[in-house]
Amino acid sequence: MKVLGIETSCDETGVAIYDPDRGLMAHRLHSQVALHRKFGGVVPELASRDHIRKLLPLVDECMDEAGIGPEELGGIAYTRGPGLVGALLVGASTAAGLAYSWRVPLLGVHHMEGHLLVPLMDEPAPDFPFVALLVSGGHTQLVEVGGVGRYRLLGETLDDAAGEAFDKTAKLLGLPYPGGPELARLAEKGRPGRFRFPRPMIKKPGLDFSFSGLKTAVLTAVEKLRAEGGEPGEQLRADIARGFEDAVVETLSVKCHRALRKTGISRLVVAGGVSANKNLRATLDKMTADTGAQAFYPRPAFCTDNGAMIAFAGFLRLSAGESDAELRRPRPRWPLEELSPPGGAADAA
Ligand code: KG4
Ligand code: ZN
């Protein structure tokens, strides 16, 4: 069964075609970074308009690359939420229009389910159950995954998401949007230990996170440097970036270790934009190796938003007979635990 996947939840227009025998047959991504950069962050209305411009041409390109006609598609999956409502509407209405005119099944997919299942597309794929650390711009969650659609929330952030903390701290250090990868690049040049920021909530029991205080700690350090001798230079900014990154990474690692111990599970899947972070990967690889566990990540191109993860998650559900009878309303907020296994009762909303 070939599935066309459409992702438009935020600032990337992603389209892909997945087939279980042939793998990823086509994959296209248009990033809106250049569009939003001068505003220092995503402007929702501009995001929606750009998705309108880019989506259908990318679908055409993917169909051409895969060399298939609409009659060969087994379904169309699109991101139903969570995300920016206008951006979601573009993907939903386009997917529904295509499904209607091509007479193929339609399915709205949960964006975070896409993130957490995409590592299963590659070898070695983790077996169920596993613990998933979801670290993106909008989410930081630890989830026990018993199977597709069987999600138990173990812990989550009480304030900022990890990616959001990277983005806000990057802004504070004068780095352009999107801040996360820019900060990570700067941190590579930083001296470890030159700045030591708090590891939020690692002493408290439980699996929740809090990152907003860390951002304030960085702000205080920058202001102190400014008061002492003016704007911090490149090396000091790199040292601060490294101190911040180490604090986030160590906090995530401690909580992942705790989640594995608590559940008795030995497989950790790390997904979402921040899973691209090299420091995080190296630290989690070491933590899992030291404790007899194993860590799995998406290939780097599929850490941040993309159409492949929606095509793949859509395939897992459509191939089990699940589809939407009609276009359903987008879910800008959509708790992952509301999902059921494929073909099960859809959420009530
Ligand atoms: O999953 P994603 O593309 O979008 C959401 O669903 O939110 O994640 C984007 C987030 C942004 O906050 C971005 O700064 C962060 O992931 N990010 C990174 C890195 N690459 C992307 N954070 C730290 N290090 C990176 N290398
Ligand atoms: Zn995402």
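Residues numbered from 1 in each chain as written. Chains lettered and ligands numbered in written order. Predicted model: local features only at pLDDT ≥ 70, side-chain atom pairs only at ≥ 80, totals over all residues. Heavy atoms only, no water.

Chemist: Describe helix α9 (residues 278–290), naming the residues involved and giving the relevant values.
Modeler: For α9, spanning 13 residues, the distance from its first C-alpha to its last is 18 Å, which sits close to the expected 18 Å at 1.5 Å a residue. Within the sequence span of α9, burial applies to Asn279, Leu280, Arg281, Leu284, Met287 and Thr288. Of the residues flanking the start of α9, the one acting as N-cap is Asn277, its side-chain oxygen 3.1 Å from the backbone nitrogen of Asn279. Looking one or two residues beyond α9, the residue adopting positive phi is Gly292, at roughly 75°. (Helix = DSSP H or I, 4+ residues; strand = E, 2+ residues; numbered from the N terminus. Expected span 1.5 Å × (residues − 1). Buried < 20%, exposed > 50% of the residue type's maximum accessible area, 1.4 Å probe, protein only. Polar contact = N/O pair within 3.5 Å; in protein donor to acceptor, adjacent residues only side chain to side chain.)

Chemist: Would you mind going over the coordination of the zinc ion (ligand 2) in detail, with residue names and values included?
Modeler: Surrounding the zinc ion (ligand 2) are the protein donor atoms His111 (NE2), His115 (NE2) and Asp305 (OD), which sit 2.1 Å from the metal. Binding-site remark: the zinc ion (ligand 2) is held by donors from one chain whose sequence spacing is H-x3-H-x189-D. Of this pair, His115 sits in helix α4 (residues 111–117) while Asp305 sits in the loop between β10 (294–296) and α10 (307–318), and the two are 190 residues apart along the sequence. Classification of Asp305 by relative accessible area gives buried; the value is 14%. (Donors = N, O, S within 2.8 Å, 3.2 Å for Na, K, Ca; no water.)

Chemist: I'd love a proper account of the domain arrangement of the protein, names of residues and values included.
Modeler: When its domains are assigned, the protein resolves into domain 1 (2–117 + 302–338) and domain 2 (128–297). Computed from C-alpha coordinates alone, the two centres of domain 1 and domain 2 are separated by 27 Å. Tallying the contact residues gives 19 residues for domain 1 and 25 residues for domain 2. Buried surface at the junction of domain 1 and domain 2, summed over both partners, amounts to about 1700 Å²; 69% is from carbon and sulfur atoms. When the area that domain 1 buries against domain 2 is broken down by residue, the three leading residues are Met112, Leu116 and Cys303, summing to 33%. Taken together, domain 1 and domain 2 are joined by one salt bridge. Of the charged contacts, one joins Glu182 and Arg37 as a salt bridge, the two residues approaching to 3.3 Å between their closest N and O atoms. Linking domain 1 to domain 2 there are six residue pairs in polar contact (both at pLDDT 80 or more). (Domains from an automatic or database assignment. Contact = heavy atoms within 4.5 Å. Buried area = accessible area lost by both parts, 1.4 Å probe. Salt bridge = Lys/Arg side-chain N within 4 Å of Asp/Glu carboxyl O.)

Chemist: Lay out the packing of aromatic side chains with the relevant residues and their values.
Modeler: This model, assessed by the stated rule, comprises six aromatic pairs. Between Tyr18 and Phe312, the aromatic rings sit 5.1 Å apart at their centres with planes inclined by 85°, giving edge-to-face as the arrangement. A residue pair is termed long-range when its members are at least 10 positions apart, and Tyr18 in strand β2 (residues 12–19) and Phe312 in helix α10 qualify at 294 residues. For Tyr18, a relative accessible area of 8% gives the class buried. Taking the centre distance of 6.1 Å and the plane angle of 10° together, the rings of Phe195 and Phe197 count as stacked. (Phe/Tyr/Trp six-rings, centres within 6.5 Å; stacked < 30°, edge-to-face > 60°.)

Chemist: Account for the site of ligand 1, naming residues and giving values.
Modeler: Around ligand 1, the structure places 18 residues, and the nearest of them are His115, Gly137, Asp167, Asn277 and Asp305. Within the side chain of Asp167, a nitrogen or oxygen atom sits 2.5 Å from an oxygen atom of ligand 1. Every element with two or more residues in the shell around ligand 1 is listed here: α4, α5 (162–172) and α6 (179–187). Looking at the shell around ligand 1, its residues break down into five nonpolar, 11 polar and two charged. Taken domain by domain, the makeup of the shell around ligand 1 includes at least three residues from each of domain 1 (2–117 + 302–338) and domain 2 (128–297). (Near = heavy atom within 4 Å. Nonpolar A, V, L, I, M, F, W, Y, C, P; charged D, E, K, R; others polar.)

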